[in-house]
Amino acid sequence: MITSPAFVGNDQQDEIASLVRQLHETQKRLREMTGGEIDAVLLPDGQSYLLHEAQAQLQSSEATQRHLAETQVAILNALPANIALVDSHGTILSTNESWRRFATANALHGPEFAVGENYLDVCERATGNCSEEARATAAGIRRVLNKEVADFTMEYPCHSPTEKRWFLLRVSPMHEDKSGGAVVMHINITEQKLAAQEFEELSRRTDLRERLLSTALASMRDFAQIYDRSGRILFANQPLLDLWGLTLDQVVGRNFIELGYPVDLAQKLNMQLQKVFETGQEVTDETPYKSPTGVEGYYEYIFSPALSADGTVDFVIGSTRDVTLRKQEEAEVRFNEQRYRSLVQATTAIVWDTPASGEFTVEQPGWTSFTGQTFEELRGTGWLNAIHPEDRAETARVWSEAVTNRSRYTVEHRIQTPDKTYRNMFVRAVPILGEDGTIRQWIGIHTDITERKQLENQFLRAQRMESIGTLAGGIAHDLNNILAPILMAIDLLKLTATDPQAKDLLQTIGVSAKRGADIVRQVLSFARGVEGDRIEVQPQHLIADLENIIKDTFPKNIRLQFSLPEKPWMILGDPTQIHQILLNLCVNARDAMPHGGTLTVNLENCVLDEHYVAMNLQAKAGNYVQIGVTDTGMGMPPDILNKIFEPFFTTKGPNEGTGLGLSTVMAIVKSHGGNVNVYSEQGKGTTFRIYLPAAETSPGSAKTQTQDLTMPLGNGETILVIDDEASILDITTQTLTAFGYRVLCATDGAEAIALYAENKKNIALVLTDMAMPIMDGAAVIRALLRINPAVTIIAASGLKVTGDVTQIPAGGIKHFLMKPYTSGTLLKSIRSVLADSIKSD
Amino acid sequence: MKKTLAFKFRLYVAGDSPNSTKAIANLQALCREILSDQHEIEVVDVLREPERALKDGVLLTPMLLKLSPGPIRKIVGSLNNREPIMQALGLSLP
């Protein structure tokens with residue numbers, strides 16, 4: 001024991017020094033013996049003496065330990081877990097800052113969590129909401145303390161009234177191999193838990209949405225696709241996959257080319273996708289497409305942009321619809337439309353359509369080409385201007401009636417053509433009704449019925465003629481019955497009459513009655529139509545007769561050629577009618593050659609065989625006498641040639657022809673059982689060939705007829721005919737001309753005198769009517785006598801004695817003709833008068 | 001069930017002094033490696049239980065007593081050198 005140094009004496013000093021030396025030696029020796037590997041020596045009293053190296057080390061170690069402990073506390077406090085250390089009995093040895101804060105915050109448990117409390121007891125005593133979890137905590141700690149488990153982990157909820165909380169309990173032994181207590185950690189995992197729950201909820205919802213979407217997309221009939229920026233498929237719905245015959249895995253990441261699209265289609269689609277990516281604008285288009293599974297169709301598609309938050313296009317959504325059926329329907333509609341248009345264009349009628357108002361609103365090509373009205377002229381109600389003013393009212397009336405009844409209507413009116421002539425049109429229009437029954441549109445057709453109208457008019461005229469004929473025939477028949485007894489009575493009276501004057505009277509009555517009977521016969525002949533006699537006629541006589549007439553009457557610039565076979569066959573027919581048709585054809589030929597030419601009349605025997613008949617359906621096989629009349633005139637164009645036999649068709653002026661000439665020719669030839677052919681060439685001439693059946697007794701039949709061919713002919717003498725009635729003048733002129741005379745005509749006295757003064761040397765005879773206005777026949781005769789006392793005059797009158805006939809010098813009138821007179825009478829009179837005047841000359 | 005232990009050791013140390021601490025660590029390592037856990041180590045701190053040290057005639061720490069298998073042998077030091085222990089255990093020739 002060392003006491004205060006003041007009490008240390010010299011001896012003690014030496015002893016102390018010796019002891020210290022001994023201690024130093026002892027320590028040194030011990031260190032040498034143990035190699036410095038000992039820390040302390042145990043003294044007999046049980047005290048330990050630490051060697052100074054150990055003491056020094058122990059001091060520094062203690063400092064280190066303290067520092068370490070402080071560090072560990074700091075670490076524990078910094079941990080975001082509530083940590084407590086418990087001993088092997090569960091008594092709380094130590095807690096960290098977080099534990100204490102938690103205990104303070106949950107004031108209820110406050111003191112129970114403090115150091116020194118038994119945590120197991122605390123947990124097992126717990127009541128309330130989290131008591132179950134507390135007991136489970138205690139059980140866990142116990143198992144660790146008892147080394148039943150290496151450590152214990154448990155998640156548990158511990159919700160406060162204000163918030164939901166979850167904790168993770170982790171219990172681990174404090175020391176590895178000692179059973180000395182445990183570390184109890186409560187880690188607040190509320191955030192993770194909530195995040196996890198949220199994530200779970202989110203993924204559950206996302207999953208549901210995804211399933212809904214893919215189900216929806218799969219059940220769509222449209223094809224849905226999603227493309228990325230490089231035009232590769234990100235998604236395709238089931239219908240599209242079925243069309244391709246591929247699975248989703250097979251198509252994802254592939255582009256159009258890789259999916260087997262035709263190159264040009266793939267390029268087009270890629271360009272459109274690129275456009276959507278660049279502009280963000282939707283693209284709509286359609287295309288034909290044949291899928292790898294062989295399905296062919298027409299598809300309409302939309303590429304829509306899917307925009308990201310910053311407005312750029314993330315990907316493109318494609319929606320494709322199969323419009324094959326619609327396309328087919330469209331094509332069908334187009335075809336029908338085309339067909340309708342072709343029909344409208346092909347028809348000669350005008351087809352038009354208007355809205356309910358009846359006003360033209362769109363172009364009407366048919367109307368325009370028929371009327372010449374431009375669209376501007378016809379639009380609205382402008383089309384009315386093309387309708388004949390007299391027909392407008394009726395058209396309007398019929399139309400407004402149809403509007404009221406919503407019915408179709410028909411009307412006839414005349415519309416004007418570009419050459420300002422009117423055409424008769426038949427209009428038929430039908431309304432197209434809307435679903436509500438109102439008129440939506442009119443569709444109408446104008447048919448040109450001008451020709452039909454004309455034919456109708458001709459038919460009406462012919463009917464009128466026929467009825468007049470029938471009427472006349474009836475009257476004629478009655479008159480015949482009246483005349484027959486008279487004629488018979490006269491013959492009887494002649495036998496008994498003795499008085500010469502009475503005989504004369506009877507003669508006169510007989511003549512008149514015969515004349516009456518003749519007239520009746522003529523009327524009956526007209527009423528019967530063209531039926532005439534059927535007797536054997538020698539055609540060469542007809543031709544000779546014709547030649548005579550023509551030679552004298554036709555202009556000299558027309559050369560005549562007549563040709564006959566040596567023995568022409570006989571014709572069975574009516575000589576008058578045959579004469580008439582030949583004359584008719586020759587007159588036509590003359591008119592066709594106003595500047596001269598050659599008229600050829602030839603006669604031939606001919607046999608029409610079956611071969612000929614086959615080529616000409618109107619002909620019958622047999623023997624015929626063919627008479628040809630050929631001119632070298634202007635000829636006829638085909639459209640006129642087709643109409644020349646139609647009644648009332650004429651190319652001559654209004655008063656020059658009746659339009660009945662050739663139709664009469666045709667009728668007569670037909671009634672004879674023959675036929676007519678025409679050959680015409682424009683600018684070269686026309687040939688009519690008439691085939692008349694030869695008499696059965698032909699050839700060489702001797703049954704010759706001479707009737708009517710004994711009419712005395714003139715020798716080209718000039719006759720001045722004066723009559724105020726044009727028709728009489730006309731017929732007389734024709735007759736005289738036909739029978740070999742030249743004729744000068746005058747319609748009144750003054751003209752007649754002038755003509756005579758001019759041509760007195762040529763005029764062989766003057767035929768004048770006695771009853772004329774202004775200057776009557778007697779005055780004319782006197783004037784003529786003054787010019788030429790030797791003038792040869794025949795006077796004609798309906799009256800026996802007319803005007804100042806008494807003033808005419810005796811012999812001034814050579815002959816008196818009673819009106820009406822026949823051609824025969826006229827010709828005979830002229831012939832005899834001329835013969836007398838020649839004798840007297 | 002308590003397993004039968006082949007080796008029993010008692011190690012006297014002086015608190016946390018350096019050589020004592022080393023001795024504990026060295027002994028534990030040696031036992032784990034060579035004796036396959038068929039052992040029991042009792043660590044006695046002479047600062048706390050000096051009477052046991054006096055009874056066992058311990059004069060210096062750290063000191064290891066091999067209690068079984070017999071005979072009892074004493075080894076002084078931090079047990080850095082394994083040879084003396086092996087010899088004491090009869091696991092190597094002296």
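What counts, and at which threshold
Sequence order sets the numbering: in each chain, residues are counted from 1 along the sequence as written. Each chain takes a letter, starting from A, and each ligand takes a number, starting from 1, following the order in which they are written. Totals for whole chains, interfaces and linings use all residues, but because this is a predicted model, local features are given only for residues with pLDDT of at least 70 and pairs of side-chain atoms are given and counted only at 80 or more. Remark: hydrogens and water are excluded; side-chain values derive from all non-hydrogen atoms of the structure. The secondary structure listing takes helices from DSSP runs of H or I that are at least 4 residues long and strands from runs of E that are at least 2 residues long, numbered from the N terminus. Here the expected span of a helix is defined as 1.5 Å times the quantity of residues minus one. Only protein chains enter the calculation, and the probe is 1.4 Å; a residue is then buried if its accessible area is under 20% of its type maximum, exposed if over 50%, and partly exposed in between. Residue contacts are counted whenever heavy atoms from the two residues lie within 4.5 Å of one another. At least two bridges found by DSSP between two strands is the condition for calling them paired. The axes are straight lines fitted to the C-alpha atoms, using for helices just the contacting stretch, and the angles between their N-to-C directions are given from 0 to 180°. For patch detection, residues must exceed 30% relative accessible area and be free of salt bridges, and they are connected within 9 Å for like charges or within 5 Å for nonpolar side chains (Val, Leu, Ile, Met, Phe, Trp, Tyr). Shrake-Rupley sampling with a 1.4 Å probe provides the accessible areas, and residues are treated as covered by the protein chains on show and by no other component. The term salt bridge refers to a side-chain nitrogen of Lys or Arg lying within 4 Å of a carboxyl oxygen of Asp or Glu. The charge count includes Lys and Arg as positive and Asp and Glu as negative, but it does not include His or the ends of the chains. Every charge is mapped to an atom, namely NZ of Lys, CZ of Arg, CG of Asp or CD of Glu. Here is the rule: rings of Phe, Tyr and Trp (six-membered ring for Trp) pair when centre to centre is within 6.5 Å. Planes less than 30 degrees apart are stacked, more than 60 are edge-to-face, and the remainder are tilted. To sit over a ring, a charge needs its Lys NZ or Arg CZ within 6 Å of the ring centre and within 35 degrees of the ring normal. Buried Ala, Val, Leu, Ile, Met, Phe, Trp, Tyr and Cys residues form a nonpolar core when they are joined through side-chain atoms within 4.5 Å. By buried area we mean the combined loss of accessible area, with a 1.4 Å probe, across both parts when two parts are placed together. Pairing of N or O atoms within 3.5 Å defines a polar contact, subject to two protein rules: one partner must be a possible hydrogen donor and the other a possible acceptor, and residues neighboring in sequence count only if both atoms are side-chain atoms.

**Regarding helix α1 (residues 10-34) of chain A**
With 25 residues, α1 of chain A should reach 36 Å at 1.5 Å per residue; the first-to-last C-alpha distance of 36 Å fits that figure. Residues of α1 of chain A that are buried: Gln27, Leu30 and Thr34 of chain A. Those residues of α1 of chain A that are buried are in contact with β1 (40-42), β2 (48-50) and α2 (52-78) of chain A together with β3 (60-61) and β5 (73-76) of chain B. At the exit of α1 of chain A stands Gly35 of chain A, carrying a positive phi of roughly 65°.

**Considerations on the sheet that holds strand β1 (residues 7-13) of chain B**
Residues and elements named next belong to chain B. On the basis of which strands lie adjacent, the open sheet formed by four strands has the order β2-β1-β4-β5 and mixed pairing. Since the sheet does not close on itself, it has two edges, and those belong to β2 (39-45) and β5, each with one partner. Averaged over all pairs of adjacent strands, the angle between their axes in this sheet comes to 20°, without regard to strand direction.

**Here we look at a negative patch on the surface**
Residues and elements named next belong to chain A. The grouping of Asp724, Glu725, Asp748 and Glu751 at the surface amounts to a negative patch. Mapped onto the fold, Asp748 is located in the loop between β25 (742-746) and α22 (749-759). The exposure class assigned to Asp748 is partly exposed, which follows from its relative accessible area of 34%.

**So, the packing of aromatic side chains**
All names here are of chain A. Throughout the structure, instances matching the rule amount to 16 aromatic pairs over all chains. The interplanar angle of 90° and the centroid separation of 6.1 Å between the aromatic rings of Trp367 and Trp383 together place this pair among those described as edge-to-face. Here Trp367 is found in helix α11 (residues 365-371), whereas its partner Trp383 is found in the loop between α12 (375-378) and α13 (389-405), with 16 residues between them in sequence. Of the two residues, Trp367 and Trp383, neither departs from the other in class, the shared state being buried. An aromatic cluster of at least three residues, connected via ring pairs, comprises Phe223, Tyr227, Phe256, Tyr261, Tyr289, Tyr299, Tyr301 and Phe303. Against the face of Phe554 rests Arg590, its NZ or CZ located 5.3 Å from the ring centre.

**Re the nonpolar core**
All names here are of chain A. With 34 residues, the main nonpolar core has Cys586, Leu599 and Ile627 as its most contacted residues. Sort the elements by how many residues they give to this core and helix α17 (residues 575-591) lands first, with six residues. With sequence-adjacent residues up to four places away left out, Leu599 is seen in contact with Ile550, Phe554, Ile558, Arg559, Leu560, Gln561, Cys586, Ala589, Met593, Val629 and Thr630. Trp244, Phe256, Val283 and Val316 belong to the second largest nonpolar core, which has 25 residues in total.

**A few points about the pairing of strand β9 (residues 233-236) of chain A**
All names here are of chain A. As defined by bridge partners, strand β8 (residues 223-227) adjoins β9 across three bridges and the pair is classed as antiparallel. Along β9, the bridge assignment pairs Gln225 with Ala236. Where β8 folds back onto β9 in an antiparallel hairpin, the turn is made up of five residues, including Gly231, whose phi is positive at roughly 80°.

**Some details on the interface of chain A and chain B**
Facing 18 residues of chain A, the contacting portion of chain B comprises 21 residues. Buried area between chain A and chain B, both sides added, is near 1,400 Å², and the carbon and sulfur share of it is 59%. At the junction of chain A with chain B, the criterion picks out zero salt bridges. Across the contact surface, chain A and chain B share eight residue pairs in polar contact (both at pLDDT 80 or more).

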